[in-house]
Amino acid sequence: MSGEGGVANRRSPAAPLPASLKIASMFSLASSYFELTKPRVVALLVFTAVIGMFLAAPGIPPWRALVFGTLGIWLASGSAAALNHLIDQRIDKLMVRTEHRPLPAGDLTPRQVLVFALAIGAVSMAILYFLVNPITALLTFAGLIGYAVIYTAYLKRATPQNIVIGGLAGAIPPLLGWAAVTGMRGERDWAYALLLVLIIFAWTPPHFWSLAIFRREDYRRACIPMLPVAYDVQYTRWHVLFYTVLLMLVSVLPYLAGMSGMFYLGGALVLGIAYLWYALRLMNPPDELFAMRAFGYSLVYLMALFAFLLIDHWLAAAIAPGDYLLQRIG
């Protein structure tokens, strides 16, 4: 009996362990699902969408568009990211950068990922259609299909210009934010919102090709024809430089179109000159890691550029509110 009591005593401290393991497993599962949404990438997309909302309104956007528009766009972006994980699961296993994602690591099954992606995608469409407006839902659905199907399933494997053509889907969030607030009914809504899309469209190639230069062996193993794989690194560097110059030119269009003022123009020029320095230095980099430093600056550039747009917008409204409102209405 003493032996049995000893066994019982030895087991009793471990009794709570299954519950603890269950909780830990639930957190791990939730973390895997959250990782499917590519939270850092989606955060940048949603940031540009929210800036689009604020630029479309004279002051604070209507709370309904701001809250439900942001939620719907975030869920749709997460759905597209999850579908990207599902479609790319084979090549993700071959790449160092992606081999720890939930599907290659075995944390989730393809069925789980598909159900999750479709579920949050359906919820996002319902939110945007019924609580925001139909045009936002339609444009968001087009962006989701463009990224998850046209780019991921086809263009990524079909052409070295994949990121240029497919970049349009990733550039659409400011348009979605603008549409959430205005319904695209104003005279200048499409012109102004598409200028924001054009900025991100021009930004995407030099941003992504810097990463591709550093990760070119990953793409080579996965047989993905990214520019430094299909051609060579120097060829890609020239393209980064060309698109950086193009981006600088595109970034001043909001000022030339009367959408923004001198504050934005000054910020855009300073940010653009710094980006040009990175692109020129990348032509003869000091080390292999410089491509990642250029990639890191590209993220700072986009966030700062959109922040300058918003600050300039608020300054214009504060300095001449009457003229500003008339301009927006007209």
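This text gives an overview of the structure that appears in the document. (Residues numbered from 1 in each chain as written. Predicted model: local features only at pLDDT ≥ 70, side-chain atom pairs only at ≥ 80, totals over all residues. Heavy atoms only, no water.)

**Quick notes on the overall build of the protein**
Working step 1: Helices and strands together make up the secondary structure of the protein, namely 17 helices and zero strands.
Working step 2: Once the C-alpha set of the protein is aligned to its principal axes, its extents read approximately 90 × 50 × 30 Å.
Working step 3: The buried share of the protein, taken over its 330 residues, is 49%.
Working step 4: Contacts spanning at least 24 positions in sequence make up 75% of the contacts within the protein whose residues lie at least 6 apart.
Working step 5: Summing over all exposed atoms, the protein offers an accessible surface of approximately 15900 Å²; the carbon and sulfur share of this is 71%.
Working step 6: Side chains of the protein give 23 positive and 15 negative charges; the mean places of these two sets differ by 5 Å. (Helix = DSSP H or I, 4+ residues; strand = E, 2+ residues; numbered from the N terminus. Buried < 20%, exposed > 50% of the residue type's maximum accessible area, 1.4 Å probe, protein only. Contact = heavy atoms within 4.5 Å. Areas by Shrake-Rupley, 256 points an atom, 1.4 Å probe, with all protein chains shown as cover. Lys, Arg positive; Asp, Glu negative; His and termini not counted. Charge placed at Lys NZ, Arg CZ, Asp CG, Glu CD.)

**Points about the packing of aromatic side chains**
Working step 1: Tallied over the entire structure, the rule returns 17 aromatic pairs.
Working step 2: An aromatic cluster is defined as three or more aromatic residues linked by ring pairs; in this entry it consists of Y275, W277, Y278, F290, Y297 and Y301. (Phe/Tyr/Trp six-rings, centres within 6.5 Å; stacked < 30°, edge-to-face > 60°.)

**Structural notes on the packing of helix α3 (residues 39–56) against helix α4 (residues 63–87)**
Angle between the axes and distance between the axes are the two parameters that describe a pair of packed helices.
Working step 1: Between α3 and α4, the shortest axis-to-axis distance is 10 Å and the interhelical angle comes to 150°. With respect to α4, the element α3 is oriented roughly antiparallel. In terms of crossing hand, the pair formed by α3 and α4 is right-handed. For the pair formed by α3 and α4, the contact residues are V42, L45, V46, A49, V50, M53 and F54 on the first element and A65, L66, G69, T70, I73, W74, S77 and G78 on the second.
Working step 2: Split into classes, the residues belonging to the contact of α3 with α4 amount to eleven nonpolar, four polar and no charged. (Axes fitted to C-alpha atoms, helices over the stretch in contact; angles between N-to-C directions. Parallel < 35°, antiparallel > 145°, perpendicular 65-115°, else oblique. Left-handed = near helix turned anticlockwise from the far one by under 90°. Nonpolar A, V, L, I, M, F, W, Y, C, P; charged D, E, K, R; others polar.)

**What about the packing of α4 against helix α7 (residues 134–158)?**
Working step 1: The interhelical angle for the contact between α4 and α7, taken along N-to-C directions, is 20°, at an axis separation of 9 Å. Of the possible angle classes, the one that applies to α4 and α7 is roughly parallel. Along this stretch, α4 crosses α7, giving a crossing that reads as right-handed. Here α4 contributes A76, S79, A80, A81, L83, N84 and I87 to the contact with α7, which in turn contributes T140, L144, Y147, A148, T152, A153 and R157.
Working step 2: Residues of the contact of α4 with α7, tallied by class, amount to nine nonpolar, four polar and one charged.

**What to know about empty space enclosed by the protein**
Working step 1: By the definition in use, this model includes one cavity of 30 Å³ or more.
Working step 2: Taken as a whole, the largest cavity holds about 40 Å³ of empty space.
Working step 3: Considering the residues around the largest cavity, the lining is formed by I213, R237, L282, P285, D287, E288 and A291.
Working step 4: Taken together, the residues of the lining of the largest cavity sort by class into four nonpolar, no polar and three charged. (1 Å grid on protein atoms, 1.4 Å probe; cavity = no way out; pocket = protein on both sides within 12 Å on 5 of 7 lines; lining within 4 Å. Points joined across faces, edges and corners; volume = space filled by probe spheres on them.)

**Some words on the pattern of salt bridges**
Close approach of charged atoms allows side chains with opposite charge to pair.
Working step 1: This model, assessed by the stated rule, comprises seven salt bridges.
Working step 2: The partner of D92 in a salt bridge is R101, with the nearest N and O atoms 3.2 Å apart.
Working step 3: Salt bridges sharing common partners tie together D88, K156 and R157. (Salt bridge = Lys/Arg side-chain N within 4 Å of Asp/Glu carboxyl O.)

Read these as layout, nothing more, since geometry by itself doesn't imply function.
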